[in-house]
Amino acid sequence: VEYRRMVQAHPLVELVDRAVSEGEDVEHIVDALRGQLCTLIRSGSVQLPERLAHPTGDHYARRLLHRDAQRGYSIIAMTWGAQQGTSLHDHAGLWCVESVWQGSIEVLQFELVERRGEALFRFEKRGTMQAGIGSAGCLIPPHEYHVIRNPSAEPAVSVHIYGGDMTFCNVFE
């Protein structure tokens, strides 16, 4: 994990500050962020640092771009090499807006349909979304179970805005 903080006046930070500060509830916040992120990315007026375009090797990279403890959110850039992806996981109860800045990603959504005790879970696949540059989606608990992967041979970069500091998540095998 690489930690570098974006400057306060960055347009991406300003966009998130505004949406989170004006948001009355989670759905309002994620809807505002999703639409505004798509517009921002497609305008080409904001470029992510060049260092984010480079994969790290055999696994995807998570890089902290900004954390705002006062407003309670964090912005993480994820760089995906060819065919790299996650296991089935959740966001430990945090909402998230995911946007694609370079390449494409595939999001497979799952629903928890059965839980037996502490260790047995049954999921059913609910859909797959192909997301290209300028697209954004969201996850709102309890509908947060998913797999993300880069389906292509070219690197991809996505930016994830979390409604908190995601220090852990649950991974399912």
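Anything mentioned here points back to the structure above.
Everything in this summary refers to the structure shown in the same document. Note that the structure is a prediction, hence the values are computed from the model and not measured.

## Concerning the pairing of strand E9 (residues 145-149)
Counting buried residues in E9 gives four out of five residues, a clear majority hidden from the surface. In this sheet, E9 lies alongside strand E6 (residues 104-116) in antiparallel orientation, the contact comprising five bridges. Residue pairing in the sheet places Gln109 in a bridge with His146 of E9.

## Side note on the pattern of salt bridges
Counted by the stated rule, this structure contains eleven salt bridges. The salt bridge involving Arg34 is made with Asp31; its shortest N-O contact spans 2.6 Å. Separated by three residues within a single helix, Arg34 and Asp31 lie in helix H2 (residues 26-43), roughly one turn from each other. Residue Glu124 pairs with Arg126 through a salt bridge whose shortest N-O separation is 3.1 Å. Here Glu124 falls in the partly exposed class, since its relative accessible area comes to 30%. The network of salt bridges with common partners includes Glu111, Glu114, Arg116, Arg122, Glu124 and Arg126.

The rules we used
- Residues numbered from 1 in each chain as written.
- Predicted model: local features only at pLDDT ≥ 70, side-chain atom pairs only at ≥ 80, totals over all residues.
- Heavy atoms only, no water.
- Buried < 20%, exposed > 50% of the residue type's maximum accessible area, 1.4 Å probe, protein only.
- Helix = DSSP H or I, 4+ residues; strand = E, 2+ residues; numbered from the N terminus.
- Pairing = 2+ DSSP bridges.
- Salt bridge = Lys/Arg side-chain N within 4 Å of Asp/Glu carboxyl O.

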